[in-house]
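Spelled out, the chains give:
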Amino acid sequence: MLLKTINSKFTINLKYILFLFITMLSGQVICAQEIIQDETKDTIRPVIDSLKTETKVQLKDSVNPLKPQKVDGVAAVVGDFIILDSDIDKAYEEYKAQGIDISNISRCELFGSLLESKLYAHHAIQDSIPVSDAEIRQNIDYQIEQFLQSTNGSIDKLLKLYDKPDEKSLREEMFEINKNNELSRKMQAKIVEDVEITPEEVREFFNKIPKDQRPTFGTELKVAQIVVEPKVSEEEKQRVIDQLKQFRADVLENGASFRSKVVLYSDDKASISTGGKYVLNRKKPRMVKEFRQVAFSLQEGEISEPFETDFGFHIIYCEKIRGEEYDVRHILLIPKVSDEAIKEAKERIEKIRQRIVDGDISFADAAKESSDEKETRADGGQLINPKTQDYNFELTKMDPELYSQIQNLKDGEVSLVQTEQDRTGKIKFKILTVTDRIDEHEANYARDYLKIKEQALNEKKIKAIEAWQKEKIKDTYIKIGDSYKDCDFTNNWLKK
C-alpha cells in the first residue's frame, strides 16, 4: 500500500532517510546576495533586514568585462532561515557524488525537502530543543575521517566540493550544516515521540488494504551460530595491564602527553585521528557498559586504572565535564593471541561441529554449552535481526557477509568452520545453521503482525507530521521566490 509523501513525490524512504543522510554534507549557507522582491509591503522579519535588496559584483565577461552578474539568489525564507539557489545546486551535487540517479528528482522536489528541513530547524530553536555542540564537532571529525578514508587521505577533494580554501573554514560551514540538520532531526522526533498504535488500529490498517494490493514479504530465515574465540594467556593480559599502568604513571608523574600515547600505542585505530577522544552523555548510552561506568566515575584530570571490556584493556583520561557530558580520551591495548591458542580454538570448534553432524548433540544445546558469544549463547546461538529486533532475516535485506555464509545451507545443515577477523585484528571461529525458513508470501496478519504494525505506525506518524506541518506553515514567516512559485507543492508553502 503506497503511503502519501508530505511535500513532494519522493517515497517515504527517500524523503525521510536518504535525503537527510545526503544533506548532512550539503552546503546550506545562512547568508545571501539577493533578496526576493515583494510586490506588497510586508512586515519583514529581522533576518531579512540584514539583506540588501540586490547585490551585484563585477565579473569578467567575454563580451563586456564590466557587465554586472548576479552571484546567488534567495530561493526562500523560512522563519529565521534562508535557502539559496546554490543550496539546491549543491544538494544535487551531493546526490551525484553518492552515485544516486538524479534524473527523476525535480528541482521543485528537492526544494520542497529543503523547505521542510528549515521549518523543522526553525521550530526546534523556538522550542529550545537542545543540541550538543561537542557532539556536532565529533560528528564532523567522523565525517571528515570517513571521507579521507574513501579518498586515500586527501582533503583537497573535500575542500573543492565545498569550495573552501582551508580546513578551518570547511569545519565552520560543516558545523552550521550539521547543527541545522540535528535540529531538524530532533524536531521530527519530538513530533512523533508520543505516537503509539493499538492492536485494533493495526487490524484496521491491514483490513483497509485491498487484497490485490497487500504487500509481499520476501523469503525469511532464522539463523543461529556458535562462536569460539582463542584464549589469551594470563601472562599476556598482565603484560598489557602493566604497560597501561606505565602509560598512566608517565602522564601523571612526568607530564607526558596522553594524546601522544594514544597516537603511538592505542589499538583503537578509528579514534587515533582525534587523540582517542569521545564525548559521552549520561542520558545517551554510548560505548559498552564497563567503559561508561569507569568514565562517569572520574573527575576532571583523572586517569583510570586499567580495566577490561570485550575489546581489550583500557585506560581513560577525563578531560572535561560539562553537566551530563564528559570529554574523555582512552588508550586501548588488545592482548596478543598466540598461534598455539588460535590452533586450539579451531580444533575445538571443529570437534563441536562434528558432534552436531553426528547427531550427538543439537546445535542449540551445543551453543548453550560451548559458544563464547554471550549475546546469543542463552538462545541456542539464535541471531537477532538488529533492524527488526526479532529472529527473522529477510533474504534480500540480509547483511552481505552473513548472506555469503549461509546462502548455500539447507535447513538444519551446519556450515563449515568460518574464520572472522574484526578491525582490531581479533580472530574468532564460528559455525552457522538455518533453523527456519519462510518462503516469499503475501502479507498474513497473524504471521507478519510485527511488520504490519510497523507500517501502520509509520502511516500514523506521517499523518502526525502532516498535521504539524499544516499548522506551523500558517504560523511561520515563509516567503517563496518567484522562480519557485509554479512548483506543485503538496504543502501550502505559498499560503494560498
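Up top is the structure.
Everything quoted here is computed from the prediction, not taken from an experiment. (Residues numbered from 1 in each chain as written. Predicted model: local features only at pLDDT ≥ 70, side-chain atom pairs only at ≥ 80, totals over all residues. Heavy atoms only, no water.)

Overview of the pattern of salt bridges
Alright, step 1. Scanning all chains against the criterion turns up 32 salt bridges.
Alright, step 2. Put simply, E182 and R185 hold a salt bridge, and the shortest N to O gap is 2.7 Å. Remark: R185 and E182 occur in helix α7 (residues 167-192); sequence separation between them is three residues, near one turn of the helix.
Alright, step 3. Overall, the relative accessible area of 19% leaves E182 in the buried class.
Alright, step 4. Here the salt bridges do not stand alone but share partners, grouping K277, E319, R322, E325, D327 and R329 into one network. (Salt bridge = Lys/Arg side-chain N within 4 Å of Asp/Glu carboxyl O. Helix = DSSP H or I, 4+ residues; strand = E, 2+ residues; numbered from the N terminus. Buried < 20%, exposed > 50% of the residue type's maximum accessible area, 1.4 Å probe, protein only.)

Re the sheet that holds strand β6 (residues 220-228)
Alright, step 1. The four strands lie next to each other as β11-β6-β13-β12, forming an open sheet whose pairing is antiparallel. Bordering the open sheet on either side are β11 (392-394) and β12 (418-421), each of which pairs with just one other strand. If you compare each strand with its neighbour and ignore which way they point, the axes differ by 50 degrees on average.
Alright, step 2. Sheet topology places β12 next to strand β13 (residues 427-438); four bridges connect them, and they run antiparallel. Within β13, the position partnered with E420 by the bridge is K428.
Alright, step 3. Contacts from helix α12 (residues 339-357) reach β6 and β13 within the one sheet, and its direction differs from that of β13 by about 25 degrees.
Alright, step 4. Relative to β6, helix α13 (residues 363-370) is tilted by about 35 degrees, and along the sheet it contacts β6 and β13. (Pairing = 2+ DSSP bridges. Axes fitted to C-alpha atoms, helices over the stretch in contact; angles between N-to-C directions. Contact = heavy atoms within 4.5 Å.)

Quick word on the environment of E93
Alright, step 1. Looking at the element boundaries, E93 is found in helix α3 (residues 85-97).
Alright, step 2. Using a relative accessible area of 41% as the deciding quantity, one classes E93 as partly exposed.
Alright, step 3. Separated by 68 residues in sequence, E93 and L161 place their C-alpha atoms 8.6 Å apart.

Things to note about the sheet that holds strand β8 (residues 307-309)
Alright, step 1. The four strands lie next to each other as β7-β10-β9-β8, forming an open sheet whose pairing is antiparallel. Of all the strands in the sheet, just β7 (277-281) and β8 have a single pairing partner and so form its edges. On average, adjacent strands in this sheet sit at an angle of 45 degrees to one another, irrespective of strand direction.
Alright, step 2. With three bridges connecting them, β8 and strand β9 (residues 312-322) associate as antiparallel partners. Note that in β9 the partner of E308 across the bridge is F313.

Read these as geometric descriptors, not functional statements.
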